Amino acid sequence: MKRMTRPFLAAALAAAALFSTVPAGAAGPGIGECMDCHGDKTIEKTLPNGQALSLHVDLRAYRSSVHGKDSCVTCHSDAKAPHEKLAKVVCGRCHGDAAKSYSMSSHGILRAKGVTDVPACYDCHGKHDIRRPKDPEARTFRLNIAATCLRCHKDQALEQKYNLPDQKAMVAYERSVHGMASKKAGLTGSAVCVDCHGNHEILPGDQPRSATNRQKIPTMCGKCHPGILEKYEKSVHGKGMRAGIAESPVCTDCHGEHTIARVSDPSSSVSSRNIPKTCSGCHEKESISTRYALPKNRFSSYMDSFHGIALEYGMTKVANCASCHGVHDILPASDPASTVNKANLPKTCGKCHPNAGPNFAKGDVHVEVSPGKAMGVFAVRLFYTIFISALVILFVLHVGLELYGRWNRRKENGTGGKEGRS
Ligand code: HEC
Ligand code: HEC
Ligand code: HEC
Ligand code: HEC
Ligand code: HEC
Ligand code: HEC
Ligand code: HEC
Ligand code: HEC
Ligand code: HEC
Ligand code: HEC
Ligand code: HEC
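For clarity, every value in this text was computed on a predicted model and none was experimentally measured.

Points about the site of ligand 10
Here comes step 1: Taken together, 19 residues lie near ligand 10, and C321, C324, H325, A333 and H366 sit nearest.
Here comes step 2: For ligand 10, a nitrogen atom lies 2.8 Å from a polar atom in the side chain of H325.
Here comes step 3: Between ligand 10 and A333, the relevant distance is 2.7 Å, taken from an oxygen atom to a main-chain nitrogen or oxygen of the residue.
Here comes step 4: Of all the secondary-structure elements, those providing two or more residues to the shell around ligand 10 are helix 16 (275-283), helix 18 (298-303) and helix 20 (321-325).

A few points about the coordination of the iron atom of ligand 1
Here comes step 1: Within the protein, the atoms that donate to the iron atom of ligand 1 are H38 (NE2) and H83 (NE2), at distances of 1.9 to 2.0 Å.
Here comes step 2: Its six donor atoms give the iron atom of ligand 1 angles of 86 to 177 degrees at the centre, a pattern that matches the octahedral case. One end of the pair, H38, is in helix 2 (residues 31-38); the other, H83, is in the loop between helix 3 (59-63) and helix 4 (96-103), and 45 residues separate them in sequence.

Overview of the site of ligand 2
Here comes step 1: The environment of ligand 2 is formed by 16 residues, the closest being C72, C75, H76, K127 and H128.
Here comes step 2: One of the backbone nitrogen or oxygen atoms of V89 is found 3.1 Å away from an oxygen atom of ligand 2.
Here comes step 3: H128 is positioned with one of its side-chain polar atoms (N or O) 2.8 Å from a nitrogen atom of ligand 2.
Here comes step 4: Sorting the residues of the shell around ligand 2 by element identifies helix 2 and strand 2 (52-54) as the ones contributing at least two each.
Here comes step 5: The residue makeup of the shell around ligand 2, split by class, is nine nonpolar, five polar and two charged.
Here comes step 6: Taken domain by domain, the makeup of the shell around ligand 2 includes at least three residues from each of domain 1 (1-89) and domain 2 (99-204).

Notes on the confidence of the model for the chain
Here comes step 1: Mean pLDDT over the chain stands at 87; residues scoring 70 or higher make up 88%.
Here comes step 2: Mean pLDDT values for the elements of the chain range from 43 in helix 1 (residues 2-19) up to 98 in helix 6 (residues 121-125).
Here comes step 3: Confidence over residues 1-26 falls short of pLDDT 50; this stretch has 11 contacts with residues more than four positions distant or in other chains.
Here comes step 4: Low pLDDT (under 50) marks residues 416-422, which in the prediction has zero contacts with non-local residues, meaning those over four places away or in another chain.

Topic: unusual backbone geometry
Here comes step 1: A81 connects to P82 through a cis peptide bond whose omega is -5 degrees.
Here comes step 2: With phi around 55 degrees, N163 is a residue other than glycine that occupies positive phi space.
Here comes step 3: Within the fold, N163 resides in the loop between helix 8 (156-162) and helix 9 (167-175).
Here comes step 4: For A293, which is not glycine, the phi torsion reads 50 degrees and is therefore positive.
Here comes step 5: Relative to the helices and strands, A293 is located in the loop between helix 17 (286-291) and helix 18.

Observations regarding a positive patch on the surface
Here comes step 1: Together, K45, K85, K88 and K127 make up a positively charged patch on the protein surface.
Here comes step 2: With respect to the secondary-structure elements, K85 resides in the loop between helix 3 and helix 4.

Examining the coordination of the iron atom of ligand 5
Here comes step 1: The iron atom of ligand 5 binds to the protein through H107 (NE2) and H153 (NE2); the donor distances cover 2.0 to 2.1 Å.
Here comes step 2: Assessed through its relative accessible area of 17%, H107 is described here as buried.
Here comes step 3: Judged by its relative accessible area of 27%, H153 falls in the partly exposed class.

Focus: the side chain of E159
Here comes step 1: The residue E159 is located in helix 8 in this model.
Here comes step 2: Despite its burial, E159 remains without a salt bridge, the nearest opposite charge being carried by K168 at 8.7 Å.
Here comes step 3: Dropping the residues within four chain positions of it, E159 is found in contact with L164, P165, D166 and Q167.

Criteria and thresholds
- Residues numbered from 1 in each chain as written.
- Chains lettered and ligands numbered in written order.
- Predicted model: local features only at pLDDT ≥ 70, side-chain atom pairs only at ≥ 80, totals over all residues.
- Heavy atoms only, no water.
- Near = heavy atom within 4 Å.
- Polar contact = N/O pair within 3.5 Å; in protein donor to acceptor, adjacent residues only side chain to side chain.
- Helix = DSSP H or I, 4+ residues; strand = E, 2+ residues; numbered from the N terminus.
- Donors = N, O, S within 2.8 Å, 3.2 Å for Na, K, Ca; no water.
- Tetrahedral: all angles 85-135°; square planar, octahedral: opposite > 155°, others 65-115°.
- Nonpolar A, V, L, I, M, F, W, Y, C, P; charged D, E, K, R; others polar.
- Domains from an automatic or database assignment.
- pLDDT = per-residue confidence, 0-100.
- Contact = heavy atoms within 4.5 Å.
- Patch = residues over 30% accessible without salt bridge, like charges linked within 9 Å, V, L, I, M, F, W, Y side chains within 5 Å.
- Areas by Shrake-Rupley, 256 points an atom, 1.4 Å probe, with all protein chains shown as cover.
- Salt bridge = Lys/Arg side-chain N within 4 Å of Asp/Glu carboxyl O.
- Lys, Arg positive; Asp, Glu negative; His and termini not counted.
- Charge placed at Lys NZ, Arg CZ, Asp CG, Glu CD.
- Buried < 20%, exposed > 50% of the residue type's maximum accessible area, 1.4 Å probe, protein only.

Shown next as structure tokens:
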């Protein structure tokens, strides 16, 4: 009988609490009655694991929290003053949508199984000091979110236990263009964890529903980079991705995820020096070229061209893949709108070679070096190989002779030197 009435009582109390926000203390105990004991700074209890849990509630923080006008029984619906063991607070009673999304997340699924390594609502929001996400003091305020998540996601023990990405990936976010923009520059428009992962329904990227699932990445990044998304969608890569070609690149294949850096940063995967490597991750792969009938060896044929050799020697002004093909608007050469379509080459090359006429652009830019295919380059290469080798040999010879000469002179002067000093 008693078992039957308890839930009813709780429900009644809850309902009373909900509708009693205006007439203070109309039902159940008021804040003051609870604070008689819980206002005491020293009040604590010992947890089963032996640790002490403070039972003190900071009334000032509570008053300025979003629930601060309500009595304690709003959440602790079964509490009386004094009371016995209380039930766990269920935020979802009032926040159904958040609770539903959360229950489907990696965090919520494990929490429901009793795992406390994953966050409950209050690990991200707080208990008695919950503030609105737009309040700069809230744990969930945009500029504070990374710290809220990283409290766990930089923890090495959790990383190992749950096979999460290693520390480097997490530290990398803080150093990325997005992390720096929010942490150092205080820019609220930059990307924080929840912009990419969602806040409540967080799932690993390999699940179709996840916000970071491959298929969703372009639109996810495009929320804040809409101009780029528009171009990308019309490109061969964007169309390929839409058509379900798994190897067609999405934003993160070229830019990284937590490591995204400014283009001008030399360590960026898309800095002028690194672009050939980034594109070639796919375009040098035999399997991809064969499957999609693409021309092969794009990297080696570029690296053997004048541009590639110059880039390797640090000349970043020289053409890289993107200078000729474009970036987010790459199209097949056969497409009349492509920057590398025959008709457009004088213009494309003309950006850097102002005097380039139609003939200039005729030369091969992807050079497969062999006497048959590119005699000119082959000859120049051969010449340079012989020339430079000869130069190196002569130089070494020169230094060798010089050293030998010095050694000889020293030997001669050896006795003379001693005499001179005495
Ligand atoms: C007479 C002092 C007293 C009053 C009044 C009091 N509490 Fe407590 N409260 C305690 C003590 C002692 C504990 C620790 C109980 C234990 O060891 O489990 C506690 C524990 C709690 C806990 C921790 C959960 C649990 O069951 O261990 C909550 C929540 C709580 N009180 C809420 C309230 C609320 C809400 C009120 C007002 C309606 C209130 N208390 C009034 C003394 C009091
Ligand atoms: C917005 C909901 C909410 C309100 C309102 C609220 N609490 Fe809590 N309280 C929690 C949550 C969540 C916990 C964590 C334990 C749990 O889930 O039951 C908690 C835990 C506690 C504890 C145990 C110590 C701890 O920090 O875990 C005490 C004591 C307590 N509350 C007292 C109070 C008092 C006193 C008031 C009113 C001044 C109050 N609570 C109002 C949500 C609330
Ligand atoms: C009894 C119902 C109730 C419970 C239980 C409750 N809340 Fe609330 N909460 C509200 C109401 C009502 C508001 C809106 C206050 C307003 O808009 O003035 C609110 C506001 C919020 C906000 C700010 C929302 C916004 O849009 O700015 C957050 C965050 C929040 N609650 C989190 C929690 C968490 C976390 C818990 C559990 C620890 C919890 N709430 C428990 C009723 C509740
Ligand atoms: C992993 C951290 C995390 C957990 C766990 C979490 N939240 Fe949130 N929640 C956030 C963040 C961050 C925001 C701010 C929204 C944003 O900027 O995207 C938020 C926003 C909210 C809001 C404001 C309205 C909205 O939906 O945006 C409410 C209400 C809320 N959470 C309630 C809850 C409740 C209830 C739970 C537990 C069932 C919970 N949250 C669990 C991080 C979390
Ligand atoms: C209280 C600690 C804690 C907090 C706070 C926390 N997480 Fe987690 N998170 C975990 C643990 C533990 C797992 C592993 C769960 C699993 O393996 O299913 C996890 C899983 C994840 C996953 C999915 C990984 C996977 O393979 O399942 C993502 C993504 C994630 N968290 C992002 C976030 C974000 C974003 C925030 C902040 C809004 C956050 N977490 C806050 C502990 C936390
Ligand atoms: C610019 C978007 C973006 C931001 C900001 C971001 N992430 Fe990620 N994160 C991703 C993507 C994309 C993946 C890879 C998803 C995949 O392919 O599995 C990922 C992977 C993860 C994983 C591994 C789980 C998985 O899905 O493979 C965790 C955990 C994680 N991120 C946590 C965080 C935390 C914590 C923050 C904030 C400190 C954060 N992320 C910031 C986009 C982002
Ligand atoms: C095929 C590789 C690739 C893909 C896919 C890609 N990018 Fe880029 N992105 C680049 C390169 C290369 C640059 C550097 C261009 C330059 O040198 O100015 C760049 C530059 C940028 C910039 C800097 C601003 C600018 O235009 O110079 C932003 C922002 C950006 N990309 C966002 C995105 C987003 C969002 C997506 C997905 C919709 C995306 N990128 C997809 C390769 C790529
Ligand atoms: C919430 C909005 C937001 C989201 C989501 C977002 N970004 Fe950004 N991103 C920004 C802002 C703002 C900056 C500029 C930061 C600065 O200038 O300090 C930026 C900068 C960049 C840059 C550097 C541009 C440069 O100047 O060189 C790149 C590259 C970039 N984002 C790529 C991405 C990719 C890829 C994704 C998706 C995985 C993404 N962004 C998701 C807001 C966002
Ligand atoms: C993740 C792998 C990947 C990356 C990285 C990548 N591509 Fe591609 N690319 C592809 C695939 C797959 C296709 C074929 C798509 C299709 O046919 O729909 C393609 C098509 C192309 C085409 C059109 C070829 C044709 O004949 O249709 C060009 C040009 C191209 N890519 C240039 C580049 C450049 C330049 C970069 C670097 C800025 C780059 N790609 C980065 C996978 C990639
Ligand atoms: C100096 C300009 C230039 C540079 C630099 C360049 N390309 Fe090209 N690329 C072209 C031209 C012109 C064509 C079409 C004619 C041909 O195949 O030689 C082409 C053809 C291609 C094709 C086949 C496209 C199709 O539709 O048939 C791919 C793929 C490609 N390049 C990838 C790359 C990659 C990857 C890099 C960097 C490692 C790169 N290109 C560097 C100008 C350039
Ligand atoms: C981003 C700028 C840029 C673009 C675009 C570009 N080049 Fe170049 N190219 C250079 C630079 C810099 C050099 C080395 C300096 C020089 O001699 O002008 C160079 C050198 C060359 C050379 C070797 C010797 C010479 O100076 O004549 C040839 C041939 C050449 N480019 C052909 C092309 C062709 C064909 C295209 C168009 C398909 C093209 N380039 C597009 C920057 C570019």
